[in-house]
Amino acid sequence: MVRGTPLACRPSPPQGGRLAASTAPSFLQRWRLAKAARHPISPLRGRCPAGQMPGRAEGGASRHPSLATILATLAFLTAAPLLARADPLPAGFVRLADVDPTIRQDIRYAGLENFLHRKADGYEAPVCILTGQAAKALSGVQKTIAAKDLTLVVFDCYRPARAVADMGEWTRQGGPPDPQWYPKVERGDLIAKGYVGELSSHSRGSTVDLAIAEADKKRAARPACGAPDTGTLDFGTGFDCFDRASETAHRPLAADAAANRKMLLAAMRAAGFRNYAREWWHFTLADEPFPKQRFDFPVTAN
Ligand SMILES: C[C@@H](N)C(=O)N[C@H](C)C(=O)O
Ligand SMILES: [Zn+2]
């Protein structure tokens, strides 16, 4: 059932783009309605101004489609690839691959390899979205380390507010430690201990979780606690190992792991990022463009 249109209630900056605007409105409307059906209203989207109704499909279903409907459907199918590439991000946001396709992306919350053991709400594609400033700064880091045959690997970038809410609800359900992701912490304590944000800076679009890997070697990841992640250089723990050992300055630490943390920290600082002392992989652009805004548009491929 279509519960609302993204157009009517969307909290983010203006929608629509060059390609979208140049397409016949009826096709575009159909496409948006189809999209809305796939993505029910988010908590933020549900706050429509008083008196505004969420959109609904126009016209009733008919057993015999009219010629106009058939023609419109054919035209829509022809235009679909064009429309699919025209889905706009809020102003100020970019897909990292459009800025720097050389940065490796392993977006964990879009899949099963994460502490939830399932996809998080709002991740519809394993794609890194960031503010333009953060993406550009990251690309600068990539250029620096590429000279050493290394690459950045990003695990999480912009995180929709609905994903943050999902993670919060999940942790509040409670449960025992998980040997892979939080071996010494109760699930219900993950927020209080600072490992999962109740309101995450990731929703502001200029925060990124990342590591460094050898550019020419792409091995399967072995994430989190207990063993180094074989998909990256050795950082002492894997990404999202919620443990004291993941504190950036934690000691003792093997010499290689300490050197790798130092290299990541230095490269990110030089590009204007600040590290979160509890997690060696978590960095926020100091001069972020949306320091007081949280966003809730879904992570999509295009
Ligand atoms: C969940 C982890 N990857 C992370 O980003 N933690 C911080 C605290 C956050 O959720 O903002
Ligand atoms: Zn993070």
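The name given to the protein in an unreviewed UniProt entry is D-alanyl-D-alanine dipeptidase, with the source organism recorded as Mesorhizobium tamadayense. Within the UniProt record for the protein, the comment given under Function (unreviewed entry) is "Catalyzes hydrolysis of the D-alanyl-D-alanine dipeptide." Taken from UniProt, the Catalytic activity (unreviewed entry) comment for the protein reads in full: "D-alanyl-D-alanine + H2O = 2 D-alanine".

Enquirer: Before we go on, may I ask you to explain the UniProt feature "binding site: Zn(2+)" (unreviewed entry) in the protein in this structure?
Expert: The feature "binding site: Zn(2+)" (unreviewed entry), as annotated in UniProt, sits at His 202, Asp 209 and His 282 in this numbering. The named residues occupy 81 residues along the chain; their greatest pairwise C-alpha distance, 9.4 Å, places them in one compact cluster. Checked against the element boundaries, His 202 lands in the loop between α7 (161-172) and β5 (207-214). On the basis of neighbour counts, which here come to 25 C-beta atoms within 10 Å, the residue His 202 falls in the buried class. Other than its neighbours up to four places away in sequence, His 202 contacts Asp 156, Tyr 158, Arg 159 and Thr 207. By secondary structure assignment, the location of His 282 is in strand β7 (residues 279-285). Those residues in contact with His 282, other than ones at most four positions away along the chain, are Thr 207, Asp 209, Asn 275 and Tyr 276.

Enquirer: Even after reading the chapter, I still don't get the pairing of β7, so can you show me in this structure?
Expert: On any regular strand, side chains alternate: one points to one face of the sheet, the next to the other face. Taking burial as the measure, the seven residues of β7 include five buried ones, the bulk of the element. Where strand β6 (residues 273-276) meets β7, four bridges bridge the pair, whose relative direction is antiparallel. Residue pairing in the sheet places Asn 275 in a bridge with Phe 283 of β7. Linking β6 to β7, which pair antiparallel, is a turn of two residues.

Conventions and cut-offs
- Residues numbered from 1 in each chain as written.
- Chains lettered and ligands numbered in written order.
- Predicted model: local features only at pLDDT ≥ 70, side-chain atom pairs only at ≥ 80, totals over all residues.
- UniProt positions renumbered as here; feature names shortened; annotations may be inferred.
- Helix = DSSP H or I, 4+ residues; strand = E, 2+ residues; numbered from the N terminus.
- Buried ≥ 20, exposed ≤ 12 C-beta atoms within 10 Å, placed from the backbone.
- Contact = placed C-beta atoms within 7 Å.
- Pairing = 2+ DSSP bridges.

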